Amino acid sequence: MWKGPLPWLKPAVFVGSLFPVFRLGAAAARGELGANPIATALNQLGLLTLTFLIAALACTPLKLVFGWTWPIRIRRMLGLFAFFYASLHFLTYAGLDQVLDLKAIFADITKRPFIAVGFAAFVLLVPLAATSTDAMVRRLGYVRWKRLHRLAYLAAILGVIHFVWRVKKDVSQPVAYGAVLAVLLSTRVVAYFWKRLKQRVSRGIPATMAAGETETRSGS
Amino acid sequence: MKLPKEPASSEVTAESLYVRRREFIKNAALFAGTTTAVGAGLIYLASGGKADSPESPASEPPKAVTAPPDPRAELAPLRGRFDTDEPMTPFKDVTTYNNFYEFGVDKSDPSENAHTLRPRPWSVSLEGEIKKPQKVDVDALTKWFPLEQRVYRMRCVEAWSMVIPWLGFPLAELIKRLEPTSRAKYVAFTTLLDSAQMPGQRRGILDWPYVEGLRIDEAMNPLVLLAVGLYGKELPNQNGAPIRLVVPWKYGFKGIKSIVRIQFVEKQPRTTWNLAAPHEYGFYANVNPEVDHPRWSQATERRIGEFRRRKTLPFNGYGEQVASLYSGMDLRANF
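Heads up: these notes are all about the structure in this document. (Residues numbered from 1 in each chain as written. Chains lettered and ligands numbered in written order. Predicted model: local features only at pLDDT ≥ 70, side-chain atom pairs only at ≥ 80, totals over all residues.)

Considerations on the overall build of chain B
Across its full length, chain B carries nine helices and 12 strands. Taken across its 335 residues, chain B has 40% of its residues classed as buried. The contacts in chain B between residues at least 6 apart in sequence include a share of 69% that link residues at least 24 apart. (Helix = DSSP H or I, 4+ residues; strand = E, 2+ residues; numbered from the N terminus. Buried ≥ 20, exposed ≤ 12 C-beta atoms within 10 Å, placed from the backbone. Contact = placed C-beta atoms within 7 Å.)

Things to note about the sheet that holds strand β1 (residues 123-128) of chain B
Residues and elements named next belong to chain B. Here we have five strands laid out as an open sheet, ordered β2-β1-β10-β5-β6, and mixed in their pairing. Whereas interior strands pair on both sides, the edge strands pair on one side only; in this sheet they are β2 (134-137) and β6 (211-215). Each strand of the sheet is rotated relative to its neighbour by a mean of 20 degrees, with strand direction disregarded. (Pairing = 2+ DSSP bridges. Axes fitted to C-alpha atoms, helices over the stretch in contact; angles between N-to-C directions.)

A word on the interface of chain B and chain A
Contacts between the two partners involve 32 residues from chain B, matched on the other side by 31 residues from chain A. Looking at the side of chain B that touches chain A, the elements that each hand over two or more residues are α1 (15-46) and α3 (91-96) of chain B. Broken down by element, the residue count for the side of chain B that touches chain A peaks at 11 residues, all from α1(B). When its residues are assigned to classes, the side of chain B that touches chain A shows 16 nonpolar, 10 polar and six charged. (Nonpolar A, V, L, I, M, F, W, Y, C, P; charged D, E, K, R; others polar.)

Comments concerning the pairing of strand β4 (residues 160-170) of chain B
Residue and element names in this part refer to chain B. Burial analysis of β4 places 10 of its 11 residues in the buried class, which makes it a mostly covered element. Where strand β3 (residues 148-155) and β4 come together, eight bridges link them in antiparallel fashion. By the bridge assignment, Q149 is partnered in β4 with L167. In this structure, the hairpin formed by β3 and β4 is closed by a connection of four residues, where A159 is found at a positive phi of approximately 75 degrees. In this sheet, strand β11 (residues 300-303) lies alongside β4 in parallel orientation, the contact comprising two bridges. Bridged to W160 within β11 is R302. The pairing of β4 with strand β7 (residues 225-230) spans five bridges and is antiparallel.

Points about the packing of helix α8 (residues 151-166) of chain A against helix α9 (residues 172-202) of chain A
Residue and element names in this part refer to chain A. It is at 9 Å that the axes of α8 and α9 come closest, and there the two elements cross at 160 degrees. It follows that α8 is roughly antiparallel to α9 by the angle criterion. Crossing hand, α8 versus α9: left-handed. Contact with α8, carried on its side by Y153, A156, I157, V160, F163 and V164, involves P174, Y177, G178, L181 and L185 of α9 and no other residues of that element. Within the contact of α8 with α9, the residues separate by chemical class into 10 nonpolar, one polar and no charged. (Parallel < 35°, antiparallel > 145°, perpendicular 65-115°, else oblique. Left-handed = near helix turned anticlockwise from the far one by under 90°.)

Description of the environment of P61(A)
All names here are of chain A. In this fold, P61 is placed in helix α2 (residues 37-66). Looking at P61, the number of C-beta atoms within 10 Å reads 18, which means it is partly exposed. When the C-alpha atoms of P61 and F119 are compared, they prove to be 27 Å apart, with 58 residues separating the residues in sequence. Discounting residues that sit within four places of it in the chain, P61 has contacts with L184, T187 and R188.

These results come straight from atomic positions and should not be treated as a statement about function.
Here it is as structure tokens:
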């Protein structure tokens, strides 16, 4: 961990990312989570999951826009923390909120779109966490690994929908998370087309033609 | 003048070590700074953008923690025929875990923000299809009837519940006194509209002012209370001071708070949550474990202070008193 430039970065993000779970645990032990502690814990763990998912998805756009490379170095850790908090969120729901009432949990997941999208987002994160090691990247091959890990976008979008459907009326907070996610995703789309355009131009093909060719290609 | 003795060469730090030490301190400082920033940022986001946890003692109004020494002992002789003997939800939870969007959408917001409400002087306008429409001061209104203690279950549409000792008088007594005409088919209630006192009204989350309503026969049911207090004291602002509605067999949002107008009307009033999301919140809003909210189950609930969920009862356990009001009605369609 303590290697290369910015040796403090990874350990610092690691320790800082554990703060909320210790704080939550301490508050729960002291009975300071309010009148409905399970709901409070669920809310906090859900918000943390979404925060880490979005943070992990922010690394590449930050590099594209500002040329920073340091976020890429903590991207895997951020993604794994997203999975860590998602697991705690799900376990709190299944174990504490529903007290492992499997029938009720199954009914919730199958009957309620709000729970279903949240559960789907969590399930999508499982293969990503499982293939997060260097060895798995090598085994899958980088191209396939990368394609698989695009599921993170879908998980984040489902996470935002889960949040929107959870609130009774005031959607300002979920919309804020959704807006950040939209900016991050559109940065990649813009960067993708910008790169293609530049490649064409550097090969001497006019931009208008390049655009036309893209269309023909996608049509074929 | 005497110069201090030069240190022995063995005591002088080697330059390479000295430089490394400086780098180490720099890295340690950056580590500590980043850790704190990451941790604090996450905690801020996890608490929904609030600087501190809702339970921090500093943010708690001192008023909310002064329950009578042993409320149960004090109130026990007052328990009547409609009262539940289940353990009461602690005063602190009743007064810090509230839905009162006029003061913010978080449960802790009302107890933190409702100090801007001025519950006195307060007048209630009695209007519509009654013998003598009038405006009456809330203290005068309260003196028309003897106050009663009622220990009721309160079931929120969000699937949590409490047991609250209310202090108030039956709405039926007021209605009888006002002598409604034959055209009075419904009773509509309106909350104060004043964004200076209720800062949450500056945001268009709901169509302010809050309006609720009951069919006149529902309103006449002896369970319905106009409450002016809880736990033997005046209503705290966050619980709907100075006067609020309590309809124990319906979801909590029917219990409109800080009432300024009671209107007797011929047509079913357009009620706030029903307007905001008609397929989620019906006009009747009777507690019904069989009819789920589109987004969550109503079959079970968490009693505040309990760990395990408990089964939700039809009409919140008041079926014996109220089920006949709805005989012949499809309660799935009229949810």
